[in-house]
Amino acid sequence: MFVEREGAAVDRRKSSQRPQRSHHEVADALRRRIRSGELRPGQRMPTQAKLADEFGVERGAVRQALRILQSEQLLTNVSKGSPATVAPDLAKTFTGGPGAPPRPTMVELAPRISAAFAAPHVVIDALCLTAVSLTLAVGEPLREIHAGRIKPARVDVRVLLPSRDIPLAFPAPVDASVDGRLQRRWLAQRNAQGQVLRHNLLALRSTHGIDVRVTFRALPFTPPVKLYLLNGTEALIAYYTLMKREEQLEGGPLEMYDAFGTQSLLFSFARETSRRDEAFVEQSQQWFDALWETITTDLTLS
């Protein structure tokens, strides 16, 4: 079972059937519709009022979501007066790679992962906070494999995630004296995403006869960046930019310091681009390998 695409039917449930979404979740859902073709280039979006009703949020959250998609060049004509329009030339928007301007992780990572899966031996090393972006991005090449368009012989994935035994620098409550709700939620998300990623990849053994290995290790610190190393030839890096915000959790509202990794700009460096990029890829790989082999520990996703 894949988790990378949330069906339109789920998106359209009444707000009374689910907790209120954040503007980032609304943006993620609309982005998936654009990427899948459900919302076509040049098509007018529903009104902000209709989107607010559909997702069970305030119009302000819808406007914030639309502005995110406009910043990613997926929408045009975002204003309070009229419905936004899906960008007419999405081909340019979805074309990325080394040398291209940096784009949000949610937009850029999936096509780079897909390109990596074209190799006979796929090697992906990742350092991140929860593996949400990686799990979503891997869904695209998995679809290609199941459609018979690509078939690597071997896939090796290593993932570094923060240990459950450390106090996280973020997400973290502004008031350090509050209970551990936020840490427990992060841990549940870390474990769930890791389990789904591992399950979806290991399933390729039985369905397609692909030799797959997926390994996790625990970091003794909160990573300030996310890093993806692809086939020893490309390094993708994004900064976790912190913000102060309030969210409704079980037990009441909580002020926190948090970062939205799916929106972080992803910078790409490829060995063949320049000597500078080649050095960056090599040093990033050496740094990852050193962490893996020294101060990290076994990680259990439970």
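Undergrad: Would you mind showing me how to read the pattern of salt bridges here?
TA: When their charged atoms lie close together, side chains carrying opposite charge are able to pair. For the coordinates displayed, the defined rule picks out 17 salt bridges. With its nearest N and O atoms 2.9 Å apart, the salt bridge here joins Asp-298 to Arg-217. Here the residue Asp-298 occupies a position in strand E13 (residues 297–298), and Arg-217 occupies one in strand E7 (residues 211–219), the gap between them amounting to 81 residues. When its relative accessible area of 17% is taken as the criterion, Arg-217 is described as buried. In this structure, Glu-255 and Lys-244 form a salt bridge, with 3.9 Å as the shortest nitrogen-oxygen distance. Of this pair, Glu-255 sits in strand E11 (residues 252–258) while Lys-244 sits in strand E10 (residues 243–249); the two residues are 11 residues apart in sequence, bridging distant segments of the chain. Assessed through its relative accessible area of 39%, Glu-255 is described here as partly exposed.

Undergrad: I tried to follow the packing of helix H6 (residues 105–116) against helix H7 (residues 132–146) on my own but got confused; where do I start?
TA: How two helices pack is summed up by the angle between their axes together with the distance between the axes. Viewed as axis vectors pointing N to C, H6 and H7 meet at an angle of 45 degrees, and their least axial separation amounts to 8 Å. Here H6 lies oblique to H7, going by the angle between them. In the crossing of H6 with H7, the sense of the turn from one axis to the other is right-handed. Taking contact as the criterion, the partners of Thr-105, Met-106, Leu-109, Ala-110, Pro-111, Ile-113 and Ser-114 in H6 are, on H7, Ser-133, Leu-134, Leu-136, Ala-137, Val-138, Glu-140 and Pro-141. Here the contact of H6 with H7 is composed, by residue class, of 10 nonpolar, three polar and one charged.

Undergrad: I'm lost on the sheet that holds E11 in this one. Help?
TA: As a general point, the strands of a sheet are linked pairwise by backbone hydrogen bonds and lie either parallel or antiparallel. One open sheet accounts for three strands, arranged E6-E11-E10; its pairing is antiparallel. At either end of the open sheet lies a strand with only one pairing partner, and these are strand E6 (172–173) and E10. The sheet contact formed by E10 and E11 spans seven bridges and is antiparallel. Bridge pairing in E11 places Lys-244 opposite Tyr-257.

Undergrad: Whenever I open this one, the sheet that holds strand E4 (residues 121–127) confuses me. Can you help?
TA: Strand order in this open sheet of eight strands is E3-E12-E9-E8-E4-E5-E7-E13, and the pairing throughout is mixed. If you trace the sheet from one side to the other, it starts and ends with strand E3 (103–104) and E13, each paired once. Those strands touched by helix H8 (residues 181–208) are strand E5 (154–162) and E7, and its axis lies near 165 degrees from that of E7.

Undergrad: Got a minute to help me understand a nonpolar patch on the surface in this structure?
TA: Among the surface-exposed residues, Tyr-239, Leu-265 and Phe-267 lie close enough to one another that they form a single nonpolar patch of about 290 Å² accessible area. As for its position among the elements, Leu-265 is in strand E12 (residues 265–270). Judged by its relative accessible area of 39%, Leu-265 is partly exposed.

Undergrad: Honestly, helix H4 (residues 59–71) in this entry has me stumped. Any pointers?
TA: Along an α-helix, residues three or four apart share an orientation, since each turn contains 3.6 residues. End to end, H4 covers 18 Å across 13 residues, agreeing with the expected 18 Å (1.5 Å per residue, within 8%). Taken as a whole, H4 has its buried residues at Ala-61, Val-62, Ala-65, Leu-66, Ile-68 and Leu-69. The buried residues of H4 all sit within an arc of 155 degrees when viewed along its axis, so they share a single face. Phi turns positive, to about 65 degrees, at Gln-73, one or two residues after H4.

Undergrad: It is not clear to me how the confidence of the model for the protein should be interpreted in this structure. Could you clarify?
TA: For residues with low pLDDT, the predicted coordinates do not support detailed interpretation. Overall, the prediction assigns the protein a mean pLDDT of 87, with 88% of residues at 70 or greater. Scored below 50 in pLDDT, residues 1–18 makes 37 contacts in the model with residues more than four places away or belonging to other chains.

Undergrad: Could you clarify how one ought to interpret the nonpolar core in this entry?
TA: Ile-113, Phe-117, Leu-134, Leu-201 and Tyr-228 are the most contacted members of the largest nonpolar core, which totals 43 residues. Breaking this core down by element, the ones donating at least two residues are H6, E4, H7, E5, H8, E7, strand E8 (225–230) and strand E9 (234–239). If we ignore the near neighbours within four places in the chain, the residues touching Tyr-228 are Thr-105, Leu-109, Asp-125, Ala-126, Cys-128, Ser-133, Leu-134, Glu-234, Ala-235, Leu-236 and Leu-266. Core analysis: the next-biggest nonpolar cluster, separate from the first, contains 22 residues, Ile-34, Met-45, Ala-65 and Leu-74 among them.

What counts and how
Residues numbered from 1 in each chain as written. Predicted model: local features only at pLDDT ≥ 70, side-chain atom pairs only at ≥ 80, totals over all residues. Heavy atoms only, no water. Salt bridge = Lys/Arg side-chain N within 4 Å of Asp/Glu carboxyl O. Helix = DSSP H or I, 4+ residues; strand = E, 2+ residues; numbered from the N terminus. Buried < 20%, exposed > 50% of the residue type's maximum accessible area, 1.4 Å probe, protein only. Axes fitted to C-alpha atoms, helices over the stretch in contact; angles between N-to-C directions. Parallel < 35°, antiparallel > 145°, perpendicular 65-115°, else oblique. Left-handed = near helix turned anticlockwise from the far one by under 90°. Contact = heavy atoms within 4.5 Å. Nonpolar A, V, L, I, M, F, W, Y, C, P; charged D, E, K, R; others polar. Pairing = 2+ DSSP bridges. Patch = residues over 30% accessible without salt bridge, like charges linked within 9 Å, V, L, I, M, F, W, Y side chains within 5 Å. Areas by Shrake-Rupley, 256 points an atom, 1.4 Å probe, with all protein chains shown as cover. Expected span 1.5 Å × (residues − 1). Arc of directions from axis to C-beta. pLDDT = per-residue confidence, 0-100. Core = buried A, V, L, I, M, F, W, Y, C linked by side-chain atoms within 4.5 Å.

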